[in-house]
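# Observations on chain architecture
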Amino acid sequence: MGFETFGLNRNLMAAVAAAGYTTPTPIQKQAIPLVMQGRDVLGLAQTGTGKTAAFALPVLQRFLQAKPGPVRALVVAPTRELAEQIHGEFQTLARGTRIRSTAVYGGVGFNPQASAFKRGVEVVIACPGRLLDHLRQGTLDLAHVEVLILDEADYLFDMGFLPDVRRIIGYLPSRRQNLLFSATMPTEIKRLAGEVLRDPATCRIGADAPAHTVSHALYPVAQHLKTALLMELLVQVGSGPVLVFTRTKHRAKRLGEQLAKAGHRSASLQGNLSQGRRQAALDGFRSGRFQVLVATDIVARGIDISKVSHVINYDVPSTPEAYIHRIGRTGRAGCSGAALTLVTREDKSVVCSIDRVIGSPIERRTLKDFDYDRPVSVSADVRPRTGRGSFPRRGEFDAHAGRHGKAAGDRPKASAGRR
Ligand code: AMP
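Computed from a prediction, not measured in an experiment: that's the story for all the values here.

Let us now look at the pattern of salt bridges. In the structure shown here, the tally under the stated rule is 15 salt bridges. Notably, a salt bridge pairs E146 with R72, separated by 2.6 Å at the nearest N-O pair. Of this pair, E146 sits in the loop between α6 (128–137) and β5 (147–150) while R72 is found in the loop between α3 (51–63) and β2 (73–76), placing the two residues 74 residues apart along the sequence. Among the salt bridges present, the one from R365 reaches E363, with a minimum N-O distance of 3.1 Å. Classification of E363 as partly exposed rests on a relative accessible area of 43%.

Spelled out as structure tokens, the structure:
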């Protein structure tokens, strides 16, 4: 089945071909016909599945006939990077049309955005805070919106944006098509979907997508040896693009600097950076100038960086959902990828839940020539909490793996993780 089955306009088909898309992805196969019929859709899919084109193509097709006019589609996205990425996809697919889109977020000038609205745009892709500023100041009118798309709804919730999203909806006409995309369905998103969507069709894909193309490994290590182990792993993984995740902004910044000092082409991406510096880090990683990007969950989630060969979790993610989101950065579009996670003894319970979500125990690995008994040095990166640090004793994770090995058939219920 190719894109021709959707009955898309010639110009859109040309843009699809120019983008190099030959076959629709599973979410596109499911969602495009439904969105073209005007149905409300609940899309359970994460970034990397082609979901942007799944809503962008039908929206563009719908707007082709009309003359340029007021804002007719609103996409609400949780981060600036994601908003830019969606805007980029709209631009790619709208290139043979007169349809204009713009991305709107804070941290950059307000007036240029207001001027863009004045000149006229049909599609606005926005983060909630700045969008509300425009609505309150009357610089943006959403009274003619026909399609609302809430993208990465679970992440909008994680970032505390749901009250803003509800306020934004108050500015929209009540007759409209609604699409809601989310990688997971926590209760709050179910409630939001119940409020916003009318008789929605559900598209669900990728419940076990990461497992097929991504290999997983855990590296038990003492807290104070994490940086040293990471350096070793970076030598072993070769020259492919590597995304390293830390739990805090400070750690991302510091680790990025340490890696650069050790001779790695690295940068960090974290919320304290200005928009310009975030973009420079991302562009440098995309272009290959940086081989290693150290990032926190907040800024990295939803970012589409193709061909990441390894995701290394320097700090374990706090939930299995966060693990799935992180590893979703690798193993994309049929390429294989690897997710390597450094774990300390304190991480045991979250490791158990990640095992459950993956459906079988993740392999525990040790590096052959690495000195795991190295004491804490004065210059150690992170001081251990006790004695010889938080090094998991040999066998500790294996024993736990064995327990889960027996229960491998006991796959989690949908509410425990991805869907
Ligand atoms: P998304 O999930 O929308 O962030 O898309 C992930 C990546 O897949 C983006 O780089 C898209 O350009 C790309 N993509 C979307 N649809 C297709 C397709 N049908 N074939 C190949 N790549 C695609």
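This part is about α6. Looking only at α6, the buried set comprises P128, R130, L131, L132, H134 and L135. Of the surrounding secondary structure, the elements contacted by the buried residues of α6 are β2, β3 (101–104), α5 (111–119), β4 (123–126), α7 (153–158) and α8 (162–169). Looking one or two places after α6, you find G138, whose phi comes out positive at around 75°.

Alternating residues of β4 divide into V123 and I125 and V124 and A126, and every residue in both groups is buried. The pairing of β2 with β4 spans four bridges and is classified as parallel. Note on β4: the bridge partner recorded for L74 is V124. Taking the sense of rotation as the criterion, the β-α-β connection linking β3, α5 and β4 turns out right-handed.

Moving on, we get to the nonpolar core. As a rule of thumb, soluble globular proteins bury nonpolar side chains together. In terms of nonpolar packing, the biggest core is built from 43 residues, with F55, L57, I86, F90, I149 and L179 touching the most fellow members. The element contributing the most residues to this core is α3, with eight residues. Discounting residues that sit within four places of it in the chain, F55 has contacts with V75, I86, F90, I149, D151, L179 and F181. Among the nonpolar cores identified, the runner-up in size contains 33 residues, and V104, V145, L156 and V196 belong to it.

Helix length check: helix α11 (residues 226–237) (12 residues) gives 16 Å between terminal C-alpha atoms against 16 Å at 1.5 Å per residue, within 8%. The set of residues buried in α11 consists of K226, T227, L229, L230, L233, L234 and V237. Angular distribution of buried residues about the axis of α11 spans 155°; they occupy a single face of the element. Opposite its buried face, α11 presents the exposed residues V235 and Q236, each directed more than 90 degrees away. If you follow the buried residues of α11, they end up packed against β8 (214–220), β9 (242–246), α12 (249–261), β11 (292–296), β12 (310–313) and β13 (337–343).

Further remarks concern the pairing of β9. Residues in a regular strand project their side chains so that they alternate between the two faces of the sheet. Of all five residues in β9, five are buried, a share of seventy percent or more. Where burial is concerned, the two faces of β9 agree: the one with V242, V244 and T246 and the one with L243 and F245 are both buried. With five bridges connecting them, β9 and β11 associate as parallel partners. Bridging across to β11, T246 finds its partner in T296. Pairing of β9 with β12, which is carried by four bridges, proceeds in the parallel orientation.

Moving on, we get to unusual backbone geometry. In this structure, E152 takes a positive phi of about 50° despite not being glycine. In the Ramachandran plot, D199 falls in the positive-phi region, its phi being about 45° despite a non-glycine side chain. You can see D199 is positioned in the loop between α9 (187–196) and β7 (201–204).

So, about the sheet that holds β12. To summarise the sheet geometry, strands pair through backbone hydrogen bonds and adopt either a parallel or an antiparallel arrangement. One open sheet holds the seven strands; their spatial order is β10-β11-β9-β12-β13-β8-β14, and the pairing between them is parallel. The open sheet has two edge strands, β10 (266–269) and β14 (363–364), and neither has a second partner. Both β10 and β11 contribute to a ladder of four bridges, which runs parallel. Residue pairing for β11: S266 is matched across the bridge by V292.

We now examine the sheet that holds β3. The sheet built from seven strands is open, its strands ordered β3-β4-β2-β5-β6-β1-β7 with parallel pairing. Edge positions in the open sheet fall to β3 and β7, since each of these has one partner strand only. Put simply, the sheet's adjacent strands are angled 15° from each other on average, direction ignored. Note: β3 against β4, four bridges, orientation parallel. Across the sheet, S101 pairs through a bridge with V123, a residue of β4. Strands in contact with α3 are β2, β4, β5 and β6 (177–182); relative to β5, the strand with the most contacts, it is inclined by about 170°. α6 rests against β2, β3 and β4 of the sheet, and its axis sits at about 140° to β2.

Calculation criteria
- Residues numbered from 1 in each chain as written.
- Predicted model: local features only at pLDDT ≥ 70, side-chain atom pairs only at ≥ 80, totals over all residues.
- Heavy atoms only, no water.
- Salt bridge = Lys/Arg side-chain N within 4 Å of Asp/Glu carboxyl O.
- Helix = DSSP H or I, 4+ residues; strand = E, 2+ residues; numbered from the N terminus.
- Buried < 20%, exposed > 50% of the residue type's maximum accessible area, 1.4 Å probe, protein only.
- Contact = heavy atoms within 4.5 Å.
- Pairing = 2+ DSSP bridges.
- Right-handed = clockwise from strand over helix to strand, strands pointing away.
- Core = buried A, V, L, I, M, F, W, Y, C linked by side-chain atoms within 4.5 Å.
- Expected span 1.5 Å × (residues − 1).
- Arc of directions from axis to C-beta.
- Axes fitted to C-alpha atoms, helices over the stretch in contact; angles between N-to-C directions.

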